[in-house]
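Residue strings, one per chain:
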Amino acid sequence: MTLPDGRPKGLQQVLEERGFDVHNLRAKCTPVCPWESTNCCMARLLSQQEDFMNQPSMLETFIKKTGHECIFLPKFHCELNPIEMYRYREVPKKTFQDAKCCAKEQLDACPTEVIRRFINRSWRFMSAYRLGLTGKAAEWAVQKQKQHRQVSQRAMMSIEAALG
Ligand SMILES: [Zn+2]
């Protein structure tokens, strides 16, 4: 990814070396690329390449280097995010600083047992989705399986019976 003199290669050169014809392509869309496009610009095209897709971000690398885990949650799925189940959401926050303080205060105030329960609830949602449940059926299974981390075969059978 660098030139013989150590400077980083440009987008265009990297893509051309990979056999792409990019002479009619802009470097980057502003402000963002169109949803689900794969070749609107050079930046997007390169980000679709396998070695780039599997490249950890700077943020992820930094977090891991300090000895922490970095987990990305799917966007718009608050049911998979344990912190969303906690009071944090109800506390008014105006600035990023407010949000930072609030997250820390609320997490310190939360008993470990409660955090575990929230995490288990997220696990049950994941399990329900993996079994192909969505929407109300997933919610029902998560409620039904309160004592477990996963949605059981038996719960699946009652859902199938109810739907069938
Ligand atoms: Zn683009």
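Look a little higher up for the structure.
So, a few notes on the structure that sits alongside this text. Because the structure is a prediction, the values reported are computed rather than measured.

Looking at the coordination of the zinc ion
Then comes step 1: Note on the zinc ion: its protein donors are Cys29 (SG), Cys33 (SG), Cys40 (SG) and Cys41 (SG). The metal-donor distances range over 2.2 to 2.3 Å.
Then comes step 2: Around the zinc ion sit 4 donor atoms, and with donor-metal-donor angles ranging over 104 to 117° the site reads as tetrahedral.
Then comes step 3: The sequence pattern describing where the donors of the zinc ion fall on their chain is C-x3-C-x6-C-C. Placement of Cys29 in the loop between helix 1 (11-17) and helix 2 (42-47) and of Cys40 in the loop between helix 1 and helix 2 is noted, with a sequence separation of 11 residues between them. Comparing Cys29 with Cys40 shows no difference in burial state: the two are buried.

Describing helix 7 (residues 135-144)
Then comes step 1: Every buried residue of helix 7 is listed here: Ala138, Ala141 and Val142. One face of helix 7 carries all of its buried residues, which in axial projection span an arc of 100°. In helix 7, those exposed residues whose orientation departs by more than 90 degrees from the buried face are Lys136 and Lys144.

Thoughts on the packing of helix 6 (residues 112-130) against helix 7
Then comes step 1: Helix 7 packs onto helix 6 with a crossing angle of 135° between their chain directions and a minimal axis gap of 9 Å. Classified by the angle between their axes, helix 6 and helix 7 sit oblique to one another. In this structure, helix 6 crosses over helix 7, and the sense of that crossing is right-handed. Note on element contacts: helix 7 touches helix 6 through Ala138, Glu139, Val142 and Gln143, opposite Arg121, Arg124, Phe125, Ala128 and Tyr129.
Then comes step 2: A per-class count over the contact of helix 6 with helix 7 returns 5 nonpolar, 1 polar and 3 charged.

Thoughts on the nonpolar core
Then comes step 1: Grouped together as the largest cluster of nonpolar side chains are 8 residues: Ala128, Leu133, Ala138, Ala141, Val151, Ala155, Met156 and Ile159.
Then comes step 2: Among the secondary structure elements, those contributing two or more residues to this core are helix 7 and helix 8 (153-163).
Then comes step 3: With residues up to four places along the chain from it excluded, the contact list for Ala138 reads Phe125, Ala128, Tyr129 and Leu133.
Then comes step 4: Ranked by size, the runner-up nonpolar core spans 6 residues in total, among them Val14, Leu15, Leu45 and Leu46.

Observations regarding the pattern of salt bridges
Then comes step 1: Under the criterion given, the structure shown has 6 salt bridges.
Then comes step 2: Between Arg116 and Glu113 there is a salt bridge whose closest N-O contact spans 4.0 Å. A residue pair is termed a helical-turn pair when its members lie 3 or 4 positions apart in one helix, as Arg116 and Glu113 do in helix 6 at 3 residues.
Then comes step 3: Among the residues examined, Glu113 registers a relative accessible area of 44% and is labelled partly exposed.

Cut-offs and rules
- Residues numbered from 1 in each chain as written.
- Predicted model: local features only at pLDDT ≥ 70, side-chain atom pairs only at ≥ 80, totals over all residues.
- Heavy atoms only, no water.
- Donors = N, O, S within 2.8 Å, 3.2 Å for Na, K, Ca; no water.
- Tetrahedral: all angles 85-135°; square planar, octahedral: opposite > 155°, others 65-115°.
- Helix = DSSP H or I, 4+ residues; strand = E, 2+ residues; numbered from the N terminus.
- Buried < 20%, exposed > 50% of the residue type's maximum accessible area, 1.4 Å probe, protein only.
- Arc of directions from axis to C-beta.
- Axes fitted to C-alpha atoms, helices over the stretch in contact; angles between N-to-C directions.
- Parallel < 35°, antiparallel > 145°, perpendicular 65-115°, else oblique.
- Left-handed = near helix turned anticlockwise from the far one by under 90°.
- Contact = heavy atoms within 4.5 Å.
- Nonpolar A, V, L, I, M, F, W, Y, C, P; charged D, E, K, R; others polar.
- Core = buried A, V, L, I, M, F, W, Y, C linked by side-chain atoms within 4.5 Å.
- Salt bridge = Lys/Arg side-chain N within 4 Å of Asp/Glu carboxyl O.

Purely geometric stuff here, so don't read any function into it on its own.
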